[in-house]
4 protein chains.
Amino acid sequence: MKYTIFGESHGPAIGVVLDGVPAGLELDLEAMAKDLARRAPGKDGLSTARREADKVNIISGLFAGKTTGTPLTLVIQNSDQHSGDYEALRWTPRPSHGDYAGFIQSKGNLDYRGGGHFSGRLTAPLVAAGSVAKQLLARENIWVASHISAVYGILDRAWEDVEELRCAASKPFPVLDDAKGEEMRQAILDAKNALDSVGGAIECVVAGLPAGFGAPDFGRNVEGIFSQYLFAVPAVKAVSFGAGVGFSYMRGTEANDPFEIKDCKVVTKTNHAGGINGGITNGMPIVFEVTMRPTPSIALPQESVDLRTGEEVEIEIKGRHDPCVVHRAVPVIEAAAALAACEVLGL
Amino acid sequence: MKYTIFGESHGPAIGVVLDGVPAGLELDLEAMAKDLARRAPGKDGLSTARREADKVNIISGLFAGKTTGTPLTLVIQNSDQHSGDYEALRWTPRPSHGDYAGFIQSKGNLDYRGGGHFSGRLTAPLVAAGSVAKQLLARENIWVASHISAVYGILDRAWEDVEELRCAASKPFPVLDDAKGEEMRQAILDAKNALDSVGGAIECVVAGLPAGFGAPDFGRNVEGIFSQYLFAVPAVKAVSFGAGVGFSYMRGTEANDPFEIKDCKVVTKTNHAGGINGGITNGMPIVFEVTMRPTPSIALPQESVDLRTGEEVEIEIKGRHDPCVVHRAVPVIEAAAALAACEVLGL
Amino acid sequence: MKYTIFGESHGPAIGVVLDGVPAGLELDLEAMAKDLARRAPGKDGLSTARREADKVNIISGLFAGKTTGTPLTLVIQNSDQHSGDYEALRWTPRPSHGDYAGFIQSKGNLDYRGGGHFSGRLTAPLVAAGSVAKQLLARENIWVASHISAVYGILDRAWEDVEELRCAASKPFPVLDDAKGEEMRQAILDAKNALDSVGGAIECVVAGLPAGFGAPDFGRNVEGIFSQYLFAVPAVKAVSFGAGVGFSYMRGTEANDPFEIKDCKVVTKTNHAGGINGGITNGMPIVFEVTMRPTPSIALPQESVDLRTGEEVEIEIKGRHDPCVVHRAVPVIEAAAALAACEVLGL
Amino acid sequence: MKYTIFGESHGPAIGVVLDGVPAGLELDLEAMAKDLARRAPGKDGLSTARREADKVNIISGLFAGKTTGTPLTLVIQNSDQHSGDYEALRWTPRPSHGDYAGFIQSKGNLDYRGGGHFSGRLTAPLVAAGSVAKQLLARENIWVASHISAVYGILDRAWEDVEELRCAASKPFPVLDDAKGEEMRQAILDAKNALDSVGGAIECVVAGLPAGFGAPDFGRNVEGIFSQYLFAVPAVKAVSFGAGVGFSYMRGTEANDPFEIKDCKVVTKTNHAGGINGGITNGMPIVFEVTMRPTPSIALPQESVDLRTGEEVEIEIKGRHDPCVVHRAVPVIEAAAALAACEVLGL
């Protein structure tokens, strides 16, 4: 199953083609809409004021409610666009956005309106594609759930219980510890008021994957497959499996996961490896954390250059922006993880 | 350029086939041997006592000293093997090794001697392949260098100057700050004496990549390409670009990299993005850090299970092992980075 | 550049996503419309009576008339559908159609209306994609042209002159020898009147490709690349390069192409190899012929089985069908060839 | 399962790496040796006088006689080389060989001795890889067999009976009709005596593939997959499925395969489609024919150019050559077909 996401923030439509979806899946469009709603900007002041219906229109690959096995095309019309906001920034790239790198790559031919193809808006079709993947996984009793693990240095507590995590994942502000969640929200509002933004992290769990999938080799190892999907999500700058960066502070005795027999199954007492040994699933839940950079769009004046004149200039980014993308990215990370899990399993 | 690494730790040979190497590269075999020597276990008590010549034999793709453009095959004969050491562990997987996951994946058909195809020994052909990649990059004035950034919580100082880093990379114990290096070595020896092991991290820089390579999309974005190569290195459990996991503690004002003009070129004043925006190179050095878990092979007794009887058992791993793989992994990470950079550039 | 064609004959729309189109191509939409018109059913009684506007709607990847380098999505709305015609055939597969094989593959979930995703209608987006490829090739002074080389055993004369071929390719019934073309048309009308259909062949030339692209190896050889694109065109059952099947009747002295120097360039006096030696372009035009089977949809009664009851049944195919697809397939084969040439060149 | 063939005709060794072989296959090395013997030059004067042991050395991926699921590397040492024969032709490409195209592609860096990587000798590892594929298919009750269908215009009769074909495939000169075989042998000897060569064709059958594998789409359709493997065999210039090029002479009534029920299974009465409809297997045997060009190496004087001076020159090819490759290519085509069938089935 391969996906191609297409579209520009201010073009007529965005969408995704999923090639290789197995035939016969009865697509649950309500589940898809729910995941899209989790990604949609809330009315809580934590997100952009841009409002999009994000209604998915399926134009191929579905017949009588079921997938046909032919390419599945999901299209979302664009609507609430303020393209005028962007004309000013056409020649003056926003720091830490894709503007400059994309300008060079496209030899000046990018659709610069609203970030074009680089816009976080393109994560809507990714969530839709991820919903298809989640539904395929559900048939194998595999589920994906995640929570905000950090915003601006404020940490949620670690995940312990399956049901608790799935419950947290569906909250409007998906954290395990709501008090910490309140602190995080305040940090976001503070940043917003300061015309600034904040970064954070998301912890995600894929449970139910059987042992024995993957390989140590390039192109087949499970960490490599997951990371390729995860880094394709805008703003993700680090991916860490199990104890992750913490391994650098550990001894083998602390890091190793002892085996035991539980319910006649081989399991490990701890899961520092995040469910993967030697690039292969070991039957424990896959656990990883992604770090997301602060939104580069901030309203404060910033230093840029004019690509026409080669002169240094100061710019101010107008328009509607998210002071933090982490809370909206939760279903996006789940979508990427679900697509990765499908590749690992060969679904 | 695609690579396939083959071989088992105790089989007749290990090696790599590189498909798609451009024709006409005058291969510097001494440079390759130097990189392999950096990976070889030292005589300083920090590494395994296994001794291998690691002499590369080129059996295809090279003619009159130059690459022909046809598949390039590099083979290293195995020699100093103590297979007897491993028979005892055939049915009792070592915690946090690939043994159990690989057993399930291969339906019991793995070569269990010395870790088989999962052995760190397989990083020798990776280093050889990486040397070819480095030589291709050198023709484009791109270089790769790295240093140990952490061992068991002891941090080297951050990289600042190009020449200093390249100099550090070629040290026997590659750190910027030798005093910190001494502390790290002591931590490794302490772990060894305690029959334990330690983890750490490596920071790597790829400098000279022009702006405009990559894309935001799945399969083309630079972070995704690099991470796929990096996670194919055994023991790597986290990959972090630029400020990486630190982004989760930052505001946009701290994280954004302001533009400026320097020597008539657009550059950024800081490089928190690690040289990549929107999945595309921005012309600044690519900077990333990988975290490596502590060697799972420790001599202390550990809890395992007997895969024949399904009973819990205690095991002791005999044989020669590295108490830390980080210092030997420095050229391995460079090799993976060089191969990734070649893919990004389409070399 | 990779393409994914999506859609079903009687779904809301069909289309194609082209991923990897270079940025900055000023897309000539009129040229695209012309190629689509060449594929459209004529009013001459040789084709189906289904009428489609085939208007291409570009929903991503184009900005200010130029490609942006991001996925280019071309959509064609469906309109003139008579779905009722097909209900009768839902459970009784049409001989030599994809119905039965597709039914098994999709576990009964195909969109059976009008051939669904298997319909020849899906060649419309392929022609649109091919037009993009042709425009990329034109910038390199490479062009693609083809003619009907056979219909029901009536052969057009062989291609000799560049200008003559390009002229023939743009005729309503694209042959070099119009008298032969008239015979072919009569054979098609005869078949139509007999409620039958006829097969044929198309010869195609890609001229201007420089020498030195491709490789002998799997996945890189030029014949292999072209054939993969060509066999993806419905009804193509044979692909033959240069002297092709004729080689089986030849000696080396007849088959070999002697070298000579012409205008200071190395060329061959003959081109039996069809421009490819050892899987690599040799600078001569790439010449190949594809054979297309007779349309399996014929109005005569045919033997089928009922997939519900497992009984043998006789069926009659209603609806509008082409008694021959060869003349309409000329721009389709050119499209496939143009996409293949782009892959060979790495465009 | 992906394969990479490496090596040069006069290098130290040739071989193949097979990545993705399922674990647990008990490799039958005798069967592999038998297929290699079928490819080896005979002592009947029909083939080159070069003698090679073609002993396969397995250096990875096999343990205790079974595949481990890790890359399987098969190496064949080179021995009976007369490199001196080739020095004369270094700068004067042999007509219709890969010499010139390869010279341009490699910017003059090819190993020109004995055809280097372009040599027919490289089909030995392909046969070895194909033997692995055949053994995987045999577990699914799928077999591959082929016969010479034509040499220099002399046609073997068409395949009808399964057992007869498998029997013919194992003959020293694999034809169904031995009288025709004798004529073919004479045609080869005549060509040899005239210092010339002849072309021919091979018909191949893959029987036992279940219905429902493949897709109409690019990259997934069965004809496209097979053709990519087949055109990677040197000298193959045409690939034709089922009635193949004959379709161009047929009406739908002749070409269509009527359905019937046999032994409670849906089958077709004829198999003009060669087992594939709409790019998907239909459960009937896959039948195809490949055309192989006459060996370009002929001893008669030929016209070439000197790549150093740009002058036209006459050359004479010395050394040992096959006056016809068709009879030796029979197991090679089977190997390519077996690898293709494995890809189609996802083995």
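(A) Structural context of the overall build of chain A. Within chain A one finds 9 helices and 17 strands. A compact globule built from 347 residues would reach a C-alpha radius of gyration of about 20 Å, and chain A, at 21 Å, matches this within 12%. Here the C-alpha coordinates of chain A stretch approximately 70 × 50 × 40 Å along the principal axes. Here chain A holds 347 residues, and 63% of them are scored as buried. A separation of at least 24 residues holds for 72% of the contacts in chain A among residues at least 6 apart in sequence. Between the centroid of the 33 positive side chains of chain A and the centroid of its 43 negative side chains there is a distance of 4 Å.

(B) Layout of the side chain of N221 of chain C. Structurally, N221 of chain C is set in the loop between β9 (200-207) and α7 (222-231). For N221 of chain C, a relative accessible area of 1% translates into the label buried. Here N221 of chain C is in contact with A215, P216 and G279 of chain C together with Q228, F231 and A232 of chain D, once residues within four sequence places are set aside.

(C) Region of the structure containing the pattern of salt bridges. The full count for this structure, using the stated rule, is 72 salt bridges over all chains. Between D35 of chain D and K134 of chain D there is a salt bridge, and its shortest N-O distance comes to 2.8 Å. Of this pair, D35 of chain D sits in helix α1 (residues 29-39) while K134 of chain D sits in helix α4 (residues 123-138), and the two are 99 residues apart along the sequence. Comparing D35 of chain D with K134 of chain D, the two get one shared label, buried. Here the residues in one salt-bridge network are D35, R38, K134 and E334 of chain A, joined through shared partners.

(D) Representation of the interface of chain B and chain C. The interface of chain B with chain C comprises 5 residues on the first partner and 5 residues on the second. Contact between chain B and chain C buries roughly 440 Å² in total, counting both sides, with carbon and sulfur atoms accounting for 37%. When the buried area of chain B at its contact with chain C is split by residue, D19, D217 and R220 of chain B rank highest and sum to 68% of it. In this structure, the connection of chain B to chain C is made through 2 salt bridges. Here R220 of chain C and D19 of chain B are joined by a salt bridge, their closest N and O atoms 3.8 Å apart. Here chain B and chain C share 1 residue pair in polar contact (both at pLDDT 80 or more) between them. Taken together, the residues of the side of chain B that touches chain C sort by class into 1 nonpolar, 1 polar and 3 charged.

(E) Geometry of the sheet that holds strand β2 (residues 13-19) of chain D. Residues and elements named next belong to chain D. Here we have 4 strands laid out as an open sheet, ordered β1-β2-β6-β3, and antiparallel in their pairing. Each having just a single partner strand, β1 (2-7) and β3 (56-60) make up the two edges of the open sheet. Sheet twist, expressed as the average angle between the axes of neighbouring strands with direction ignored, equals 20°. Here β3 runs beside strand β6 (residues 72-77); their pairing, made up of 4 bridges, is antiparallel. Bridging across to β6, N57 finds its partner in V75. Running over the sheet, α4 touches β1, β2, β3 and β6 and is turned about 30° from β2.

(F) Quick look at the packing of aromatic side chains. Applying the stated rule across the entire model yields 36 aromatic pairs over all chains. Relative to F288 of chain A, the ring of F241 of chain A has its centre 6.0 Å away and its plane inclined at 50°; by these criteria the two rings are tilted. One end of the pair, F241 of chain A, is in strand β10 (residues 236-241); the other, F288 of chain A, is in strand β15 (residues 286-292), with 47 residues separating them in the sequence. In this pair, the class of F241 of chain A matches that of F288 of chain A, namely buried. Three or more aromatic residues joined by ring pairs make a cluster, and in this case those are F226, F241 and F288 of chain A together with F231 of chain B.

(G) Representation of the relation of the copies chain B and chain C within the structure. Mapping chain B onto chain C calls for a rotation angle of 180° and an axial translation of 0.0 Å; the resulting RMSD is 0.0 Å. When the rotation and shift are considered jointly, the pair of chain copies conforms to a two-fold rotation axis. Looking at the rotation axis and the C-alpha trace of chain B, the residue lying nearest is G346 of chain B, at 4.9 Å. The residues that chain B uses at the interface reappear at the interface of chain C in 100% of cases, marking a shared surface.

(H) Spotlight on the relation of the copies chain C and chain D. Aligned on chain D, chain C shows an RMSD of 0.0 Å; the corresponding rotation is 180° and the shift along the axis is 0.0 Å. By residue overlap, the copies meet face to face through one surface: 99% of the interface positions of chain C are interface positions in chain D.

(I) Quick peek at the side chain of S96 of chain A. With respect to the element layout, S96 of chain A can be found in the loop between α2 (84-87) and α3 (99-105). The contact partners of S96 of chain A, leaving out residues within four places of it in the chain, are R293 and P296 of chain A together with A255, N256, D257 and N277 of chain B.

(J) Spatial organisation of the environment of E334 of chain D. Residue and element names in this part refer to chain D. The residue E334 is located in helix α9 (residues 326-345) in this model. Sequence separation of E334 and K265 is 69 residues, and the distance between their C-alpha atoms is 27 Å. Of the polar contacts made by the side chain of E334, one reaches the side chain of R38; its length is 2.9 Å. A polar contact is formed between the side chain of E334 and the side chain of K134, at a distance of 2.7 Å.

(K) Fine view of the interface of chain C and chain D. With 93 residues of chain C at the contact, the number on the chain D side is 92 residues. Broken down residue by residue, the surface that chain C buries against chain D is led by F218, K237 and F259 of chain C, which jointly contribute 12%. A salt bridge links K237 of chain D to E223 of chain C; the nearest nitrogen and oxygen atoms lie 3.0 Å apart. Summed over the shared surface of chain C and chain D, the number is 40 residue pairs in polar contact (both at pLDDT 80 or more). Bridge count for strand β10 (residues 236-241) of chain C against strand β10 (residues 236-241) of chain D is 3 bridges, and the pairing is antiparallel. By the bridge assignment, S240 of chain C is partnered in β10 of chain D with A238 of chain D.

(L) Region of the structure containing helix α9 (residues 326-345) of chain C. All names here are of chain C. With 20 residues, α9 ought to run about 28 Å at 1.5 Å a step, and its terminal C-alpha atoms sit 28 Å apart, in line with that. With 19 of its 20 residues buried, α9 lies for the most part within the structure. Just downstream of α9, G346 is the residue with a positive phi angle, here 70°.

(M) Representation of the sheet that holds β10 of chain A. Taken together, the 10 strands give an open sheet; going across it, the order is β8(A)-β7(A)-β9(A)-β15(A)-β10(A)-β10(B)-β15(B)-β9(B)-β7(B)-β8(B), and neighbouring strands pair in antiparallel fashion. The open sheet has two edge strands, β8 (154-155) of chain A together with β8 (154-155) of chain B, and neither has a second partner. Two elements, strand β9 (residues 200-207) of chain B and strand β15 (residues 286-292) of chain B, share 7 bridges in a ladder whose sense is antiparallel. Paired with G200 of chain B across the bridge in β15 of chain B is M292 of chain B. Sheet strands in contact with helix α5 (residues 162-169) of chain B are β7 (143-151) and β9 of chain B, and its direction is about 70° off that of β7 of chain B.

(N) Examining the packing of helix α7 (residues 222-231) of chain D against α9 of chain D more closely. Residue and element names in this part refer to chain D. With their axes 8 Å apart at the nearest point, α7 and α9 run at an angle of 140° to one another. Viewed along their axes, α7 and α9 adopt a mutual orientation that is oblique. In this structure, α7 crosses over α9, and the sense of that crossing is right-handed. Contacts between α7 and α9 involve V222, I225, F226, Y229 and L230 from the former and I333, A336, A337, L339, A340, A341, E343 and V344 from the latter.

(O) The packing of α4 of chain D against α9 of chain D, seen in detail. Residues and elements named next belong to chain D. At their nearest, the axes of α4 and α9 sit 7 Å apart, and the two run at 45° to each other. The angle between α4 and α9 falls in the class oblique. Relative to α9, the crossing made by α4 is left-handed. Residues T123, L126, V127, A129, G130, A133, K134, L136 and L137 of α4 form the contact with α9, whose participating residues are P331, V332, E334, A335, A338, L339, A341, C342 and L345. Its residues placed into classes, the contact of α4 with α9 shows 14 nonpolar, 2 polar and 2 charged.

(P) Region of the structure containing the state of the cysteines. Evaluation of the coordinates by the stated rule reveals 0 disulfides over all chains. Looking at the unpaired C167 of chain C, the closest cysteine sulfur is the one in C204 of chain C, lying at 16 Å. Unpaired in terms of disulfides, C342 of chain D finds its nearest cysteine sulfur in C204 of chain D, a separation of 13 Å.

(Q) Highlighting the confidence of the model for chain A. For chain A, per-residue confidence averages 94 on the pLDDT scale, and 97% of positions sit at 70 or higher. Interface scoring of the predicted complex returns ipTM 0.96; its pTM is 0.96.

What counts and what doesn't
Residues numbered from 1 in each chain as written. Chains lettered and ligands numbered in written order. Predicted model: local features only at pLDDT ≥ 70, side-chain atom pairs only at ≥ 80, totals over all residues. Heavy atoms only, no water. Helix = DSSP H or I, 4+ residues; strand = E, 2+ residues; numbered from the N terminus. Rg over C-alpha atoms; globule rule 2.2 N^0.38 Å. Buried < 20%, exposed > 50% of the residue type's maximum accessible area, 1.4 Å probe, protein only. Contact = heavy atoms within 4.5 Å. Lys, Arg positive; Asp, Glu negative; His and termini not counted. Charge placed at Lys NZ, Arg CZ, Asp CG, Glu CD. Salt bridge = Lys/Arg side-chain N within 4 Å of Asp/Glu carboxyl O. Buried area = accessible area lost by both parts, 1.4 Å probe. Polar contact = N/O pair within 3.5 Å; in protein donor to acceptor, adjacent residues only side chain to side chain. Nonpolar A, V, L, I, M, F, W, Y, C, P; charged D, E, K, R; others polar. Pairing = 2+ DSSP bridges. Axes fitted to C-alpha atoms, helices over the stretch in contact; angles between N-to-C directions. Phe/Tyr/Trp six-rings, centres within 6.5 Å; stacked < 30°, edge-to-face > 60°. Least-squares fit on C-alpha atoms with pLDDT ≥ 70 in both. Expected span 1.5 Å × (residues − 1). Parallel < 35°, antiparallel > 145°, perpendicular 65-115°, else oblique. Left-handed = near helix turned anticlockwise from the far one by under 90°. Disulfide = S-S within 2.5 Å. pLDDT = per-residue confidence, 0-100.

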